[in-house]
Amino acid sequence: EAKDMAGVTFDDLEIVIGKTYLYVHMEEPHCEHPIVFRDVRLAHPDDPVDRRDYPARLFVGRKYRRKCQMCDVFEARHVTHKDRHAPCHPCFFCDQCFNCLHLNKDGEPWYTEYEHNFYHHE
C-alpha cells in the first residue's frame, strides 16, 4: 500500500520483521530505498530518551550493485526472466539498454513474452 509519508509515524505502520519495504522519493530524482526491520525490542535504560534519535540505524550492509549485462557500464535497474533478447536468464539491464531492446519510440513494448521487474540493489 502506498502512503504519503509526510504525516505518517511508526505507530501508523504495520511492520513485519524481515519484510522488505520500499521508501520512494516522489520528487526528482525518484530514489528508491529498500528498508528491512530486522529486530524490535523494548527500551533499555541506556537507550537515548529523545524521540528524534529514532529509528536508530544499527547496521548498514554493503550494497552489491549489479551492472547492466548488456553494456557493462551502468547500474542495473531492470531484471527480466524468459526474455528472448537476453543472453542469460535472469538478465539485468540499465534503463538505456532495457528501453532500447524492449520499447519502441512511443514507449510501448516490442513484445511481452517475458517477466519484468525493477531491480533494487542487494
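Structure: see above.
Quick caveat: nothing in here was measured; it's all calculated off a predicted structure. (Residues numbered from 1 in each chain as written. Predicted model: local features only at pLDDT ≥ 70, side-chain atom pairs only at ≥ 80, totals over all residues. Heavy atoms only, no water.)

Undergrad: Sorry, what's going on with unusual backbone geometry here?
TA: Residues other than glycine predominantly adopt negative phi, and peptide bonds predominantly adopt the trans conformation. Residues His-89 and Pro-90 are joined by a peptide bond in cis, for which omega reads 0 degrees. Tracing the chain through its elements places Pro-90 in the loop between β3 (78-81) and β4 (91-93). The phi dihedral of Asp-72 falls on the positive side, at around 55 degrees, and the residue is not glycine. Counting through the fold element by element, Asp-72 comes out in the loop between β2 (32-36) and β3. (Helix = DSSP H or I, 4+ residues; strand = E, 2+ residues; numbered from the N terminus.)

Undergrad: What's the story with the environment of Asn-104 in this structure? I'm lost.
TA: Along the polypeptide, Asn-104 turns up in the loop between α1 (95-102) and β5 (115-118). Residues Asn-104 and Phe-59, spaced 45 residues apart in sequence, show a C-alpha to C-alpha distance of 43 Å. A distance of 2.8 Å separates a polar atom in the side chain of Asn-104 from the backbone nitrogen of Asp-106. (Polar contact = N/O pair within 3.5 Å; in protein donor to acceptor, adjacent residues only side chain to side chain.)

Undergrad: I keep staring at the packing of aromatic side chains and nothing clicks. Help me out?
TA: Between two aromatic rings, the relevant description is the distance of the centres plus the angle of the planes. By the definition in use, this model includes five aromatic pairs. Here the basic side chain of Arg-84 rests over the ring of Tyr-111, its NZ or CZ set 4.1 Å away from the ring centre. (Phe/Tyr/Trp six-rings, centres within 6.5 Å; stacked < 30°, edge-to-face > 60°. Lys NZ or Arg CZ within 6 Å of the ring centre and 35° of its normal.)

Undergrad: Where do I start with the environment of Arg-52 in this structure?
TA: Mapped onto the elements of the fold, Arg-52 is located in the loop between β2 and β3. Distance from Arg-52 to Thr-80, taken between C-alpha atoms, is 41 Å for residues 28 residues apart in sequence. Engagement of the side chain of Arg-52 in a polar contact is seen with the side chain of Asp-50, the distance being 2.8 Å.

Undergrad: Would you mind showing me how to read the side chain of Asp-83 here?
TA: Tracing the backbone shows Asp-83 in the loop between β3 and β4. Summary of buried charges: Asp-83 has no salt-bridge partner, and the nearest side chain of opposite charge, Arg-84, is 6.3 Å away. (Buried < 20%, exposed > 50% of the residue type's maximum accessible area, 1.4 Å probe, protein only. Lys, Arg positive; Asp, Glu negative; His and termini not counted. Salt bridge = Lys/Arg side-chain N within 4 Å of Asp/Glu carboxyl O.)

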